[in-house]
Amino acid sequence: MKKIVKDKLPSLWEQLSSQATLFLPVEQDGVVNFAPWEEGDSVNLEALNTVVPPKNVVFPQTETYMRFKVENDKLHIEPFEQNGPYVLFGARPCDVAGITLLDKVFLQEPEDGLYSRRRREGTVISVACNEPDAACFCTSFELEPGMAPGADIMVWDMGDYLLWKAQSEKGEKLTGSVENLLQEAAEEEQKAAMELKERVTAKEAAAAQEMGWDPSGVKETLKDMFDSDIWEQFFRRCLGCGICTYICPTCHCFDIQDYSKDQEGGRFRCWDSCMFADFTLMGSGENPRPTRKERVRQRFMHKLCYYPSNFGLYACVGCGRCVRKCPVNLDIAQVIKEVGGVKSGSE
Amino acid sequence: MAQNNLLLPQVAVVEEISTETSDIKTFKVASQGGGSPLEFLPGQCAMLSLPPVGEAIFSITSSPTEKDYLEFSIKKTGSVTNFLHEIEEGYQLGVRGPYGNGFPLEMLKGKDLLFIGGGIGLAPLRSLINYCLANRGDYGQVDIVYGARTPDDLVQRAEIFDNWPRASNTNVYLTVDVEWEGWDGHVGFVPQYMEEIGFAPENRIAVTCGPPIMIKFVLEGLERMGFKPEQVITTLELKMKCGVGKCGRCNLGDRYVCKDGPVFTYAELLNLPPEY
């Protein structure tokens, strides 16, 4: 394992951004979000979660993929891509897990070329969490706050330095390219990082235990709960604002739209939300999910039942963003509890 | 670049437009160099692109045995379809696909087939009907029950009045919802008419498509006639954007209609949430 002293981080940003677009958690007006780094940006590696997860790096919020021109009755179509190598530095383990869940959707047959190219061109560096907060619950979904198996490089914040571990071929390659800034980590430094990791995981798991809920059986229970009354109580609070889906690292729904000036323009895809009324509204006027009840049910069923049934994993990484941001406190943990995801022995 | 961008359409030409009813037209679409823009199976769909208006998915109504073109029967109902109804022959549009599973051709082999269609719902059935008639030896008796609101709303008139009734071992039963001047055929709703005629379920598969309310009553009627859910096939329509199971809006439970459907047996549908 390697390490980098924090004093050298500005040089690291410079060096990384000279070979690729470097996405970092950048603080602006008190808000931290991932953005392409520029000289003078205020990088914040301490912020637990960015407001928007870094999914927009691999799956941009809007992405033009085609240009067109209509001339009388002739149509010209051209593919359009704005890609290139990038480094995503500072993604939390939950957000890296979110990306691996997106992988399952976009890389399954037929493979989504726009997405797979972005994934191939990027190197993901995850920063372990030292202090998860009360809204975090990644351990409930079998993740570790101190470890991101899906990252190319894992780093642990050890105070004066970051401990650095390459976890993939891409990670090794990037490590080699910044070797001048890295040092070998001593054995006791590695040991200290691993101890910290275990400590944080244990603390987080104990907090989850205290909350008294356990999602593990919910995917089975929910199979028979499509017509359950619980959706009645949950949807009445929902405002249908869609914030939960926009800030969710695993939500992958998108819309496709054209923009144009005169007869020339582009086609893009952009994040969409199952919370919106027109998400499933057809030209005929039919809508299979006409009220917030069907839409709230769809969101939770997708995360906790449908996605697991297709891919074997829950489509929730416990990042806590929806819990923190929902204006009416429609809490996924509460939904899980309500459908029977209660830890035996509690209640 | 972007060789595997699934969302990128190819340019094709609308070779012929025929007016079916006051709000339905059939569009014959071919590659710029001639020939069908894509290979497909009966029951599959394709996405038609009309920049800058947008894109929408339609079932392919022609049979794959017609190699030179794709046909789409399209009802004027939203922004893309309104635009389509304004274009003229020779207009270029984008096509991508095919999408979906298509009808289970192997399962249908050697069976008597009962088609029950309503209105524009004939479009996907027509692909399969013409495919079966082109491979006549592989299938038993073919019965087609088709209806619309009025005689003016019946589509594919040459086929329903002439070609299909003349095909060997094939019966066509037409009906309209209301009495209409000049119509001396049957008057009444499709599901009731189907039961009046009566079809034995032995060695028969029923394939139905139409407005949701019609499908509902057809399914009930078929059950009364002794059809098992496994013998009944329908094809669904939901809002779709990508066509490849990723944009997330056409799911019934864990199945995506664009990819795992649009063709389902009634037995399969009974195991899925009824969000259609």
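Residues numbered from 1 in each chain as written. Chains lettered and ligands numbered in written order. Predicted model: local features only at pLDDT ≥ 70, side-chain atom pairs only at ≥ 80, totals over all residues. Heavy atoms only, no water.

Peer 1: Mind showing me how you'd approach the overall build of chain A here?
Peer 2: When its secondary structure is counted, chain A shows twelve helices and twelve strands. The globule rule puts the C-alpha radius of gyration for 347 residues at 20 Å, and the 22 Å found for chain A is close to it. For the C-alpha atoms alone, the extent of chain A along its principal axes is close to 70 × 65 × 40 Å. The long-range fraction of contacts in chain A, counting pairs at least 24 apart against all pairs at least 6 apart in sequence, stands at 73%. Accessible area for chain A stands at about 15100 Å²; split by element, carbon and sulfur atoms hold 47% of it. The positive charge centre, built from 40 side chains, and the negative charge centre, built from 54, are 3 Å apart in chain A. (Helix = DSSP H or I, 4+ residues; strand = E, 2+ residues; numbered from the N terminus. Rg over C-alpha atoms; globule rule 2.2 N^0.38 Å. Contact = heavy atoms within 4.5 Å. Areas by Shrake-Rupley, 256 points an atom, 1.4 Å probe, with all protein chains shown as cover. Lys, Arg positive; Asp, Glu negative; His and termini not counted. Charge placed at Lys NZ, Arg CZ, Asp CG, Glu CD.)

Peer 1: I tried to follow the domain arrangement of chain A on my own but got confused; where do I start?
Peer 2: Often, the extent of an interface is quoted as the loss of accessible area upon association of its parts. Residue and element names in this part refer to chain A. Taken as a whole, chain A is organised into domain 1 (2-211) and domain 2 (219-343). The gap between the C-alpha centroids of domain 1 and domain 2 is 25 Å. At the junction of the two partners, domain 1 supplies 43 residues and domain 2 supplies 42 residues. Interface area, domain 1 with domain 2, both sides summed: about 3700 Å², of which 62% is carbon and sulfur. Looking only at domain 1, the three residues that lose the most surface to domain 2 are F68, L101 and F141, adding up to 18% of its buried area. Counting every contact that joins domain 1 to domain 2 gives four salt bridges. The shortest N-O distance in the salt bridge between R269 and D112 comes to 2.9 Å. Inspection of the domain 1/domain 2 interface yields 22 residue pairs in polar contact (both at pLDDT 80 or more). Elements supplying a minimum of two residues to the side of domain 1 that touches domain 2: α2 (55-58), β4 (62-71), α3 (93-107), α4 (113-121) and α6 (187-211). Across the side of domain 1 that touches domain 2, the residue classes break down as 26 nonpolar, nine polar and eight charged. (Domains from an automatic or database assignment. Buried area = accessible area lost by both parts, 1.4 Å probe. Salt bridge = Lys/Arg side-chain N within 4 Å of Asp/Glu carboxyl O. Polar contact = N/O pair within 3.5 Å; in protein donor to acceptor, adjacent residues only side chain to side chain. Nonpolar A, V, L, I, M, F, W, Y, C, P; charged D, E, K, R; others polar.)

Peer 1: Just checking my understanding: could you explain the interface of chain A and chain B for this structure?
Peer 2: Counting residues at the interface gives 53 residues for chain A, matched by 45 residues for chain B. At the junction of chain A with chain B, the criterion picks out five salt bridges. R249 of chain B serves as the salt-bridge partner of D272 of chain A, at 3.1 Å between the closest nitrogen and oxygen. The tally of links between chain A and chain B comes to 25 residue pairs in polar contact (both at pLDDT 80 or more). Every element with two or more residues in the side of chain A that touches chain B is listed here: β4, β5 (74-79), α3, α4, β11 (254-261), β12 (264-271) and α10 (292-311) of chain A. Class assignment for the residues of the side of chain A that touches chain B results in 21 nonpolar, 15 polar and 17 charged.

Peer 1: How do you make sense of the domain arrangement of chain B when you look at a structure like this?
Peer 2: Residues and elements named next belong to chain B. Each domain of chain B was delimited in the assignment, giving domain 1 (10-99) and domain 2 (105-235). Computed over C-alpha atoms, the centres of domain 1 and domain 2 are 24 Å apart. Listed per partner, the contact involves 19 residues of domain 1 and 17 residues of domain 2. Around 1300 Å² of area is buried between domain 1 and domain 2 when both sides are counted, 57% of it from carbon and sulfur atoms. In terms of surface lost to domain 2, no three residues of domain 1 exceed E20, P42 and T61, which account for 35% of the buried area on that side. On inspection of domain 1 and its partner domain 2, the count reaches one salt bridge. Where domain 1 meets domain 2, there are eight residue pairs in polar contact (both at pLDDT 80 or more). Put simply, the parts of the chain that give the side of domain 1 that touches domain 2 at least two residues each are β2 (24-31) and β5 (70-75). When grouped by side-chain class, the residues that make up the side of domain 1 that touches domain 2 number seven nonpolar, nine polar and three charged.

Peer 1: When you look at the sheet that holds strand β6 (residues 92-99) of chain B in this model, what are you seeing that I'm missing?
Peer 2: Sheets are built from strands paired through backbone hydrogen bonds, the pairs being either parallel or antiparallel. Residues and elements named next belong to chain B. With antiparallel pairing, the six strands of this open sheet are ordered in space as β4-β3-β6-β1-β2-β5. Looking at which strands have only one partner, the edges of the open sheet turn out to be β4 (54-59) and β5. Each neighbouring strand pair of the sheet contributes to a mean axis angle of 40 degrees, computed without reference to strand direction. Across four bridges, strand β3 (residues 45-50) lies against β6 in antiparallel orientation. Paired with C45 across the strands is Y99, a residue of β6. (Pairing = 2+ DSSP bridges. Axes fitted to C-alpha atoms, helices over the stretch in contact; angles between N-to-C directions.)

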